[in-house]
Amino acid sequence: MQFIDLKAQYRALKDEIDANIRGVLDSAQFIGGPYVKELEAQLAAFTDRKHCITCANGTDALQIAYMVAGVGAGDAVFCPDMTFISSTEPAKMFGATAVFCDITPDTYCLSPAGLERQIQAVLTEGKLTPKAAVAVDILGNPCDYDAIGAICEKYGLFLIEDAAQSFGASYHGKKACAFGHIATTSFFPAKPLGCYGDGGAIFTDDDAVDQLCRSLCVHGKGPGGKYDNVRVGMNSRLDAMQAAVLLPKLRALGTYEMDARQMVAHRYNEAFAGRFVTPFVAEGCVSAWAQYALLAKDTAQRDAIVAYLKEAGIPNMIYYPTPQHALPVFRDEPHYGETFHNADDYCARTFSLPMHPYLEEAEQRKVIDAVLEGL
């Protein structure tokens, strides 16, 4: 059994993927080209954004978003305390300060109330300039963009949507990557839309931001091309081979994989209701179910279940064992009195089970039985 069964997905899409890979090989156009151009057009259409700029990976996409926002020394960037480090590390890279905010106790996303508390604390101290906020759609579950967007507008913050785990999800009828001044996603193989290596994308409705991102992706190129360098950029382009793989995967995600993910989550929810804290999806939202995470009663129960699953050969993961404020790299970042109670509690109790659109009902029953036996 696989935690995420990429082999099953490949079997389902083999003919289309193989044909596209042959097309790239026959053309010998491995950087840029028609597959990348078509993928960007389809991704923009899927998310209803004006522009999509593909790049080498999701971390680069976030770094470029920070560069577009102009984040630098003396700035405060507000981030959820429970996420992967790629959401927050560009702040430190550019000399800014990552200011962590607690998460909500139900969606595990950035808490709007926590965000505003930390903004006000930074303003009261007067040492840093509130610059940007990073809203992470954790586990595939969208953030509360109505509330977060209003707070960012109130304080003049540049809003970045980190949709690395939520591609395909939606919030009140709008797809993930449709929010913020700029949005980013990752095509790491384990993501809801994953390639066969690394890849990422940036989304915007602003023509000038689109051109800036394209410049930053290719060494700060100017109107004259890659040898007309007008700014310091980076080398971050999506390979044509990865675009060729992603095109049929995008079609599958939209036509049946998202529905299959909902079915898998529904079966888990029915089986575990009343025994664990099951995932919450707010009304009007659809999760991409990048992961299916349960909360055990406490750390001891979680660890006992995880040990039992390992013995039984059932794949499992913990997303994530340590909140950002407790990571050694961020130990000197200011907390402003925030206690991070919800993030600490989540990280102490969470564990995740196999989740993918090709998980057969019999396999899922095996997972469910093992979890319940391990109680």
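Residues numbered from 1 in each chain as written. Predicted model: local features only at pLDDT ≥ 70, side-chain atom pairs only at ≥ 80, totals over all residues. Heavy atoms only, no water.

- As recorded in an unreviewed UniProt entry, the chain goes by DegT/DnrJ/EryC1/StrS family aminotransferase and comes from Dysosmobacter welbionis.
- Quoted straight from UniProt, the Sequence similarities (unreviewed entry) entry for the chain says "Belongs to the DegT/DnrJ/EryC1 family." (UniProt positions renumbered as here; feature names shortened; annotations may be inferred.)

### Points about the packing of aromatic side chains
Here comes step 1: Taken as a whole and judged by the stated rule, the model has 17 aromatic pairs.
Here comes step 2: Through pairs of rings, three or more aromatic residues link up here, namely Y268, F272, F276, W289, Y292 and F351.
Here comes step 3: Here K175 stacks its cationic end above the ring of F46, 5.0 Å away from the centre of that ring. (Phe/Tyr/Trp six-rings, centres within 6.5 Å; stacked < 30°, edge-to-face > 60°. Lys NZ or Arg CZ within 6 Å of the ring centre and 35° of its normal.)

### Observations regarding the domain arrangement of the chain
Here comes step 1: Along its sequence, the chain is organised into domain 1 (6-248) and domain 2 (256-374).
Here comes step 2: On a C-alpha basis, the centres of domain 1 and domain 2 stand 24 Å from each other.
Here comes step 3: Contact with domain 1, which involves 48 residues of that partner, is made by 37 residues of domain 2.
Here comes step 4: On the surface where domain 1 and domain 2 come into contact, there are 2 salt bridges.
Here comes step 5: Applying the counting criterion to the domain 1 and domain 2 interface returns 22 residue pairs in polar contact (both at pLDDT 80 or more).
Here comes step 6: Of all the secondary-structure elements, those providing two or more residues to the side of domain 1 that touches domain 2 are α1 (6-27), α4 (89-93), β3 (97-101), α5 (112-125) and β6 (170-171).
Here comes step 7: Its residues assigned to classes, the side of domain 1 that touches domain 2 comprises 24 nonpolar, 16 polar and 8 charged. (Domains from an automatic or database assignment. Contact = heavy atoms within 4.5 Å. Salt bridge = Lys/Arg side-chain N within 4 Å of Asp/Glu carboxyl O. Polar contact = N/O pair within 3.5 Å; in protein donor to acceptor, adjacent residues only side chain to side chain. Helix = DSSP H or I, 4+ residues; strand = E, 2+ residues; numbered from the N terminus. Nonpolar A, V, L, I, M, F, W, Y, C, P; charged D, E, K, R; others polar.)

### Concerning the packing of α1 against helix α8 (residues 240-272)
When two helices pack together, their arrangement is captured by the angle between the axes and the distance separating the axes.
Here comes step 1: One way to put it is that α1 packs onto α8 with a least axis distance of 8 Å and a crossing angle of 140°. Classified by the angle their axes make, α1 and α8 are oblique. In the packing of α1 onto α8, the handedness of the crossing is right-handed. On α8, the residues that touch L6, Q9, A12, L13, E16, I17, N20, I21, V24 and L25 of α1 are A240, M241, A244, V245, L247, P248, K249, R251, A252, Y256 and E257.
Here comes step 2: Of the residues assigned to the contact of α1 with α8, the class counts are 15 nonpolar, 2 polar and 4 charged. (Axes fitted to C-alpha atoms, helices over the stretch in contact; angles between N-to-C directions. Parallel < 35°, antiparallel > 145°, perpendicular 65-115°, else oblique. Left-handed = near helix turned anticlockwise from the far one by under 90°.)

### Description of the sheet that holds strand β1 (residues 51-55)
Here comes step 1: Across the sheet, which stays open at both edges, the 7 strands sit in the order β1-β9-β8-β5-β4-β2-β3 with mixed pairing between neighbours. A strand with exactly one partner marks an edge of an open sheet, and here the two such strands are β1 and β3. Strand-to-strand, the axes of this sheet are offset by a mean angle of 25°, without reference to chain direction.
Here comes step 2: Pairing geometry for strand β2 (residues 75-80) and strand β4 (residues 129-136), over 4 bridges, is parallel. Across the sheet, the residue bridging to D75 is T129, located in β4.
Here comes step 3: Each of β1 and β9 (200-204) touches helix α2 (residues 34-47); the most contacted strand, β1, lies at about 130° to it.
Here comes step 4: Contacts from α5 reach β2, β3 and β4 within the one sheet, and its direction differs from that of β3 by about 140°. (Pairing = 2+ DSSP bridges.)

### Focus on the pairing of strand β13 (residues 292-295)
Here comes step 1: The two faces of β13 match: Y292 and L294 on one face and A293 and L295 on the other face are all buried.
Here comes step 2: Of the strand pairs in this sheet, β13 and strand β14 (residues 350-353) are connected by 4 bridges, and their pairing is antiparallel. Counterpart to L294 in the pairing with β14 is F351. (Buried < 20%, exposed > 50% of the residue type's maximum accessible area, 1.4 Å probe, protein only.)

### Some thoughts on helix α6 (residues 145-155)
Helical geometry: 3.6 residues make up each α-helical turn, so side chains three or four residues apart lie on a common side.
Here comes step 1: Taken together, the buried positions of α6 are occupied by Y145, I148, I151 and C152. For α6, the arc enclosing every buried residue in end-on projection is 135°, short of the 170-degree limit, so these residues lie on one face. Turned more than 90 degrees away from the buried face of α6, the exposed residues are E153 and K154.
Here comes step 2: Residues of α6 that are buried make contact with α5, β4, β5 (158-162) and β6.
Here comes step 3: Looking one or two places after α6, you find G156, whose phi comes out positive at around 70°. (Arc of directions from axis to C-beta.)

### Section: the environment of P80
Here comes step 1: Take P80: it is sitting in strand β2.
Here comes step 2: According to the relative accessible area criterion, P80 is buried, its value standing at 1%.
Here comes step 3: Counting along the chain gives 63 residues from P80 to C143, while the straight-line C-alpha distance between them is 11 Å.
Here comes step 4: Excluding anything up to four places from it in sequence, P80 contacts F100, C101, I103, L110, V134, V136 and Q324.

### Overview of the sheet that holds β6
Here comes step 1: Pairing is antiparallel in the open sheet, where 3 strands are placed in the order β7-β6-β12. The sheet is open, and its two edges are formed by β7 (174-175) and β12 (285-286), each paired on a single side.
Here comes step 2: Across 2 bridges, the pairing between β6 and β7 is antiparallel. The partner of Y171 across the bridge, within β7, is K174.

### Some points on the pattern of salt bridges
Here comes step 1: In this structure the tally under the stated criterion is 13 salt bridges.
Here comes step 2: A salt bridge links E333 to K92; the shortest N-O distance between them is 3.3 Å. One end of the pair, E333, is in the loop between α9 (299-312) and α10 (341-349); the other, K92, is in helix α4, with 241 residues separating them in the sequence.
Here comes step 3: Its relative accessible area of 10% is what places E333 among the buried residues.
Here comes step 4: Across the pair R117 and E338 runs a salt bridge whose closest N-O atoms are separated by 2.9 Å. With R117 in helix α5 and E338 in the loop between α9 and α10, the pair connects residues that are 221 residues apart, well separated along the chain.
Here comes step 5: In this structure R117 comes out as partly exposed when scored by relative accessible area, which is 42%.
Here comes step 6: You can call E338 buried: its relative accessible area is 11%.

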